[in-house]
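One letter stands for each residue in the lines below.
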Amino acid sequence: MAVEVSVRVTRTWDVKVEAEYGDTDETLCARAIELVESREENSEPDAQDVRVLPDYSKIIDQSEFYESEEDK
Amino acid sequence: MAIITNEGKAWDVQKLQNVAPNSNALMNVITWGTGSQAEATVQTASPAFGSFTESAEGRVTATLSIPASQTDRCVGTITATAARNITQVARTNTTTVGGAGQVMLFYALFTAIPLQTGDQITFTLDQLVT
């Protein structure tokens, strides 16, 4: 037997953009992303405030079944 | 590295033969932790697991599935209630710490994932019977 662990990290932002004539879902989303990125560029550094997450959407471990000395 | 604990192995065996009490609970609970202790195959301490530092968010009921005939999958999402550095995940069978028949099936320690309040991690924990 083996075990695998994979993780997906999700962060959500609460932003509001005003729609203009001709906007589509795509253009509204693009403006919301720009707004978030702009906020982050202008924010003060904070040790507890991690702004960019690495890509954790990968398998951390794919090890074979582990046997300790106690198992042997 | 992720390991299956000795208790987890015993739980697997008991489940196959419907031995009480552990056979009466599904292995569908996920918890995360902030400790740095290496995984250990013995997790008999009660109420908390011996080398696992559970975070304050508590345990969540996960979704079980069989995506392939030999894969036992458990997927659960936990939301941070404060800034955390998550380093551990475990699969267990009780939502209450120290609950009756509590068993940790498996345990993984990994590089810390820094979270802000409201951030979420969705864990996919697979046990492969190969």
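Look up: the structure comes first, before these words.
No experiment lies behind these values; they were computed from the predicted model shown.

## Comments concerning the overall build of chain A
Phase 1 of the analysis: Helix and strand content of chain A: 1 helix and 2 strands.
Phase 2 of the analysis: Order of helices (α) and strands (β) in chain A, N terminus to C terminus: β-α-β.
Phase 3 of the analysis: As presented, chain A carries roughly 5700 Å² of accessible surface, and 48% of it is formed by carbon and sulfur atoms.

## Things to note about the overall build of chain B
Phase 1 of the analysis: On a plain count of helices and strands, chain B comes out with 1 helix and 8 strands.
Phase 2 of the analysis: Counting helices and strands in the order they occur from the N terminus, chain B gives β-α-β-β-β-β-β-β-β.
Phase 3 of the analysis: The globule rule puts the C-alpha radius of gyration for 130 residues at 14 Å, and the 14 Å found for chain B is close to it.
Phase 4 of the analysis: Across its three principal axes, chain B shows a C-alpha extent of roughly 45 × 35 × 25 Å.
Phase 5 of the analysis: In chain B, which comprises 130 residues, the proportion classed as buried is 52%.
Phase 6 of the analysis: In chain B, the share of contacts with a sequence separation of at least 24, taken over all contacts with a separation of at least 6, comes to 72%.
Phase 7 of the analysis: A total of about 5400 Å² of accessible surface is found on chain B, and carbon and sulfur atoms cover 54% of it.
Phase 8 of the analysis: For chain B, the distance from the average site of its 6 positive side-chain charges to the average site of its 8 negative ones is 4 Å.

## A word on the environment of Pro21 of chain B
Residue and element names in this part refer to chain B.
Phase 1 of the analysis: Among the structural elements, Pro21 can be located in the loop between helix H1 (6-16) and strand E2 (29-33).
Phase 2 of the analysis: A relative accessible area of 55% places Pro21 in the exposed class.
Phase 3 of the analysis: Sequence-wise, Pro21 and Trp11 are 10 residues apart; in three dimensions their C-alpha atoms are separated by 9.8 Å.

## A short note on the sheet that holds strand E6 (residues 84-92) of chain B
All names here are of chain B.
Phase 1 of the analysis: Taken together, the 5 strands give an open sheet; going across it, the order is E1-E7-E6-E2-E3, and neighbouring strands pair in antiparallel fashion. The two strands at the open ends of the sheet, each matched to only one other strand, are strand E1 (2-4) and strand E3 (60-61).
Phase 2 of the analysis: Bridging between E2 and E6 involves 5 bridges; their strand directions are antiparallel. Pairing of Val29 across the sheet is with Thr92, part of E6.
Phase 3 of the analysis: Sitting on the sheet, H1 is in contact with E1 and strand E7 (104-115), with an inclination near 135° to E7.

## Notes on the layout of surface pockets
Residues and elements named next belong to chain B.
Phase 1 of the analysis: For the largest pocket, the calculated volume is near 400 Å³.
Phase 2 of the analysis: Lining of the largest pocket is provided by 19 residues; of these, Trp11, Asp12, Lys15, Asp72 and Gln127 occupy positions nearest its centre.
Phase 3 of the analysis: For the lining of the largest pocket, the elements supplying multiple residues, two or more each, are H1, strand E4 (63-68) and strand E5 (71-79).
Phase 4 of the analysis: With 6 residues, H1 is the largest single contributor of residues to the lining of the largest pocket.
Phase 5 of the analysis: Classifying every residue of the lining of the largest pocket gives 10 nonpolar, 4 polar and 5 charged.

## Brief notes about the pairing of E2 of chain B
Each regular strand carries side chains that alternate between the two faces of the sheet.
Phase 1 of the analysis: In terms of burial, E2 of chain B is a largely internal element, 5 of the 5 residues being buried.
Phase 2 of the analysis: Of the two faces of E2 of chain B, the one holding Val29, Thr31 and Gly33 of chain B and the one holding Ile30 and Trp32 of chain B are both buried throughout.

## Some words on the packing of aromatic side chains
All names here are of chain B.
Phase 1 of the analysis: Under the definition given, this model contains 3 aromatic pairs over all chains.
Phase 2 of the analysis: Measuring from ring centre to ring centre gives 6.4 Å for Trp32 and Phe123, while their planes differ by 85°; the resulting arrangement is edge-to-face. Taken together, the positions of Trp32 in strand E2 and Phe123 in strand E8 (residues 120-128) put the pair 91 residues apart, joining distant regions of the chain. We note that Trp32, like Phe123, is buried.

## Some remarks on the side chain of Gln127 of chain B
Phase 1 of the analysis: You can see Gln127 of chain B is positioned in strand E8.
Phase 2 of the analysis: Once you skip the residues sitting within four places of it in the chain, Gln127 of chain B turns out to touch Met1, Ala2 and Val3 of chain A together with Ile4, Asp12, Gln70, Thr71, Asp72 and Leu105 of chain B.

Parameters and conventions
Residues numbered from 1 in each chain as written. Chains lettered and ligands numbered in written order. Predicted model: local features only at pLDDT ≥ 70, side-chain atom pairs only at ≥ 80, totals over all residues. Heavy atoms only, no water. Helix = DSSP H or I, 4+ residues; strand = E, 2+ residues; numbered from the N terminus. Areas by Shrake-Rupley, 256 points an atom, 1.4 Å probe, with all protein chains shown as cover. Rg over C-alpha atoms; globule rule 2.2 N^0.38 Å. Buried < 20%, exposed > 50% of the residue type's maximum accessible area, 1.4 Å probe, protein only. Contact = heavy atoms within 4.5 Å. Lys, Arg positive; Asp, Glu negative; His and termini not counted. Charge placed at Lys NZ, Arg CZ, Asp CG, Glu CD. Pairing = 2+ DSSP bridges. Axes fitted to C-alpha atoms, helices over the stretch in contact; angles between N-to-C directions. 1 Å grid on protein atoms, 1.4 Å probe; cavity = no way out; pocket = protein on both sides within 12 Å on 5 of 7 lines; lining within 4 Å. Points joined across faces, edges and corners; volume = space filled by probe spheres on them. Nonpolar A, V, L, I, M, F, W, Y, C, P; charged D, E, K, R; others polar. Phe/Tyr/Trp six-rings, centres within 6.5 Å; stacked < 30°, edge-to-face > 60°.

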